[in-house]
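# Coordinates in review
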Amino acid sequence: FGQGERKMGKHAQIVMGPAGAGKSTYCDTISKHMESAKRTVHLINLDPAAEVFNYPVSVDIKDLITVDEVMDELQYGPNGGLVYAMEYLVEHIDWLLDEIDDFEDDYLIIDCPGQVELYSHHPLMRTIVGALQNLGYKVAGVYLLDSHFLTDTSKFISGALSCLSAMVRLEIPHINVLTKVDLLNKKQRHARHIDKFLDMDVTSLICDLDDTTDNKLHGLNHAIGSLLEDFNMVSFIPLDISDPESVDEVVQQVDNAIQYGEDVEVRDGGRDIDKDDDDGDGDFDRHDHDHGGDDGDGDDDY
């Protein structure tokens, strides 16, 4: 390393979330942002069903196994084929470790399948994470949730439970990201509306849920709320890919989680809601404030 350079160590983020959450778009956006900051980034595809990529892939599980191959040879359905392919990867984990062996001190962004059961009750992803950690990687989990979930409280609560399940299951530093914030309408972007979702105001959310469900389900609603409150682990960072500052905030939050570039200041909560409503519209608005700091599947993209 020449003068002024330093070894950053091995770092990786596991990008998770249901189909359509924007994982491929996230990986493409984050990698380009990091490369503009002179980082060497490698994108790893671990989705054996992915067909189209918007970014160059350094390692692709489809070079080892594909869902189509499993379906043809074993007569499995799509979900069973995907789980089998991931089990095959775990059984041949040395293949993955050999593929990334030359990426010393580079940054890995790992695009994962959209089947949530891989993170909720299968041990597969935990095994993969453990193998990376044994190689010396500091690994962060990044769970994406589509901001469209804000339009339906029951759907959002379900998404929050999926986030919590992944956090508990993987036991690694973890960031939850609310994607496609740029697609929210004016009312949905208002601070008073979006804040309760970003900060998981469980009491308010369960009240909203009670208003839209039968009385006989209220006990279940409150039990779910108590679970989220007892763990007190789930919150979200909003991501607007059209705003470089928003992208930078997410990158810095993940960096902080895995201690990458500890000299970089991390912004509070990874977001800036215009509480004072300086421009009078109450919108989710970053540009009114100066933060400082450094200037797969087809339905993933938007």
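Just above, that's the structure.
Source: prediction; values computed, not measured.

Let us look at the nonpolar core. Residues Leu96 and Ile100 are the most contacted members of the largest nonpolar core, which totals 62 residues. Listed in part, the 24 residues of the second largest apolar core include Ala21, Met34, Leu43 and Val247.

The next thing to look at is the pattern of salt bridges. Note on pairing: side chains with opposite charge can pair once their charged atoms come close. Enumeration over the complete set of coordinates arrives at four salt bridges. Put simply, Asp255 and Arg39 hold a salt bridge, and the shortest N to O gap is 2.4 Å. Of this pair, Asp255 sits in helix H12 (residues 244-257) while Arg39 sits in the loop between helix H1 (23-36) and strand E2 (41-45); the two residues are 216 residues apart in sequence, bridging distant segments of the chain. Arg39 matches Asp255 in its accessibility class, with the two residues each being buried.

Turning next to the environment of Thr212. Within the secondary structure, Thr212 is located in the loop between helix H10 (202-211) and helix H11 (218-231). When the C-alpha positions of Thr212 and Asp152 are compared, they lie 9.7 Å apart, and in sequence the two are 60 residues distant.

When you line up the elements, Asp201 lands in the loop between helix H9 (191-198) and H10. Taking relative accessible area as the criterion, Asp201 reaches 36% and is therefore assigned partly exposed. Spatially, the C-alpha atom of Asp201 lies 9.3 Å from that of Ser235, the residues being 34 residues apart in sequence.

Okay, the sheet that holds strand E5 (residues 138-146) next. In spatial order, the strands read E3-E2-E4-E1-E5-E6-E7; together these seven strands make up an open sheet with parallel pairing. In the strand order of this sheet, the two ends are held by strand E3 (59-60) and strand E7 (237-238), each with one partner. Of the strand pairs in this sheet, E2 and strand E4 (residues 107-111) are connected by five bridges, and their pairing is parallel. Residue Val41 lies in a different strand from E4, and its bridge partner there is Tyr107.

Axis separation between helix H3 (residues 78-91) and helix H6 (residues 124-134) bottoms out at 10 Å; the angle between their running directions is 30°. Here H6 runs roughly parallel to H3, going by the angle between their axes. In terms of crossing hand, the pair formed by H3 and H6 is left-handed. Facing Val83, Met86, Glu87, Leu89 and Val90 of H3, the residues of H6 in contact are Leu124, Met125, Thr127 and Ile128. Residues belonging to the contact of H3 with H6 are distributed by class as follows: seven nonpolar, one polar and one charged.

The next thing to look at is the pairing of E5. Regular strands place side chains that alternate from one sheet face to the opposite one. The buried fraction of E5 is high, at eight of nine residues. Bridge analysis of strand E1 (residues 11-16) against E5 gives six bridges, and the strand direction is parallel. Across the sheet, the residue bridging to His11 is Lys138, located in E5. Pairing geometry for E5 and strand E6 (residues 174-179), over six bridges, is parallel. Pairing of Val142 across the sheet is with Ile175, part of E6. What joins E5 to E6 is helix H7 (residues 153-170), and the crossover it makes is right-handed.

One turn of an α-helix holds 3.6 residues; hence residues three or four places apart share an orientation. Look at H7: 26 Å from first C-alpha to last across 18 residues, which is about the 26 Å you get at 1.5 Å a residue. Buried within H7 we find Thr153, Phe156, Ile157, Gly159, Ala160, Cys163, Leu164, Ala166, Met167 and Leu170. Note on H7: the residue one or two positions beyond its end, Glu171, has a positive phi of about 55°.

In this section: the packing of aromatic side chains. One pass over the full model with this rule turns up five aromatic pairs. Ring geometry for Phe156 versus Phe197: centroids 4.8 Å apart, planes at 85°, classification edge-to-face. Taken together, the residues Phe156 in helix H7 and Phe197 in helix H9 connect sequence positions 41 residues apart. Under the relative-accessibility criterion, Phe197 is labelled buried at 2%. A centroid spacing of 5.4 Å and a plane angle of 50° characterise the contact between Phe156 and Phe236, whose relative ring orientation is tilted. Of the two residues, Phe156 sits in helix H7 while Phe236 sits in the loop between H11 and E7, which places them 80 residues apart along the sequence. For the pair Phe156 and Phe236, a shared accessibility class is recorded, and that class is buried. An aromatic cluster is built from Phe156, Phe197 and Phe236, whose rings are joined through pairwise contacts. Just above the ring of Phe149 sits the side chain of Lys155; from NZ or CZ to the centre is 5.6 Å.

Thresholds applied
Residues numbered from 1 in each chain as written. Predicted model: local features only at pLDDT ≥ 70, side-chain atom pairs only at ≥ 80, totals over all residues. Heavy atoms only, no water. Core = buried A, V, L, I, M, F, W, Y, C linked by side-chain atoms within 4.5 Å. Buried < 20%, exposed > 50% of the residue type's maximum accessible area, 1.4 Å probe, protein only. Salt bridge = Lys/Arg side-chain N within 4 Å of Asp/Glu carboxyl O. Helix = DSSP H or I, 4+ residues; strand = E, 2+ residues; numbered from the N terminus. Pairing = 2+ DSSP bridges. Axes fitted to C-alpha atoms, helices over the stretch in contact; angles between N-to-C directions. Parallel < 35°, antiparallel > 145°, perpendicular 65-115°, else oblique. Left-handed = near helix turned anticlockwise from the far one by under 90°. Contact = heavy atoms within 4.5 Å. Nonpolar A, V, L, I, M, F, W, Y, C, P; charged D, E, K, R; others polar. Right-handed = clockwise from strand over helix to strand, strands pointing away. Expected span 1.5 Å × (residues − 1). Phe/Tyr/Trp six-rings, centres within 6.5 Å; stacked < 30°, edge-to-face > 60°. Lys NZ or Arg CZ within 6 Å of the ring centre and 35° of its normal.

Interpretation in functional terms is not warranted from these geometric data alone.
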